[in-house]
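# Observations on the three-dimensional arrangement
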Amino acid sequence: MSVWQLVAAGLVMLLGLLGVLVPGIPGPLIVWAGVMWWTLSEKSALAWVVLMAATALLLLNQVLKWLLPARNLRAVGTPYRALFLAGVAGIVGFFVIPVIGGVLGSVGGLYLLERIRLGSHGDAWASTRTALRAIGLSVLVELFACLLVVGAWIGAVVAG
């Protein structure tokens, strides 16, 4: 696989990660498509193992997403822009501090944006907690699953 194809597959996966944060965009499917593209171009045993593991993980993610209770974000009052930017902070955090940085970046980013919007620590923290309950684990589980797939892909590219 050429360097340009590798970069393009990585950009597709990055688009999928961002798609997890935007309602209506099938982020996990886009991430999976990026891994599939890489696998079909790479044609190595490691690539096929990564694709099979990604498929299993993303299917499990879809089952968990349906099992977790959905909440209504409009009732919370947190702007969608703040939730999107908190998700971006989670993606950045995941790569700065692997695995746990995703959660720390998301929660920290949301708190910071709510602190700017609301002014006081107490109000910002209460709003952050309420928004996190409303979001539930659904988005976090989906984002984490996609990040694990992208991390496995990066590991396979480096090893391969």
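Scoring rules and cut-offs
- Residues numbered from 1 in each chain as written.
- Predicted model: local features only at pLDDT ≥ 70, side-chain atom pairs only at ≥ 80, totals over all residues.
- Heavy atoms only, no water.
- UniProt positions renumbered as here; feature names shortened; annotations may be inferred.
- Helix = DSSP H or I, 4+ residues; strand = E, 2+ residues; numbered from the N terminus.
- Core = buried A, V, L, I, M, F, W, Y, C linked by side-chain atoms within 4.5 Å.
- Buried < 20%, exposed > 50% of the residue type's maximum accessible area, 1.4 Å probe, protein only.
- Patch = residues over 30% accessible without salt bridge, like charges linked within 9 Å, V, L, I, M, F, W, Y side chains within 5 Å.
- Areas by Shrake-Rupley, 256 points an atom, 1.4 Å probe, with all protein chains shown as cover.
- Salt bridge = Lys/Arg side-chain N within 4 Å of Asp/Glu carboxyl O.
- pLDDT = per-residue confidence, 0-100.
- Contact = heavy atoms within 4.5 Å.

## Describing the UniProt feature "transmembrane region" (unreviewed entry) in the protein
- Taking the UniProt record as the reference, the feature "transmembrane region" (unreviewed entry) is found at residues 6–33, 45–64, 84–113 and 134–159.
- Secondary structure content for residues 45–64 is 100% helix and 0% strand, while the C-alpha to C-alpha distance between its ends is 29 Å.

## Side note on the nonpolar core
- Ranked by size, the top nonpolar core spans 23 residues in total, and within it Met13, Leu17, Val35, Trp38 and Leu143 carry the most contacts.
- Breaking this core down by element, the ones donating at least two residues are α1 (3–21), α2 (27–42), α3 (45–67), α4 (80–96) and α7 (138–159).
- Looking at this core element by element, the count peaks at eight residues for α7.
- If you look at the next biggest cluster of nonpolar residues, it comprises six residues, including Ala82, Leu83, Ala86 and Ile135.

## As for a nonpolar patch on the surface
- A cluster of nonpolar side chains, namely Val3, Trp4, Val7, Leu11, Leu14, Leu18, Phe84 and Leu85, defines an oily patch on the protein surface of about 760 Å² accessible area.
- Counting residues per element, the ones that place at least two in the nonpolar patch are α1 and α4.
- Per-element accounting of the nonpolar patch gives the leading share, six residues, to α1.
- As for its position among the elements, Leu85 is in helix α4.

## Side note on the confidence of the model for the protein
- Considering every residue of the protein, the mean pLDDT works out to 87; 92% of them sit at 70 or more.
- Here helix α6 (residues 121–135) stands out as the least confident element of the protein, with mean pLDDT 83; α2 is the most confident, with 95.

## Describing the environment of Glu114
- Mapping Glu114 onto the fold places it in helix α5 (residues 100–118).
- Sequence separation between Glu114 and Thr78 is 36 residues; the distance between their C-alpha atoms is 7.9 Å.
- Leaving out residues up to four positions away in the same chain, Glu114 has contacts with Thr78, Pro79, Ala82, Gly119, Ala124, Ser127 and Thr128.

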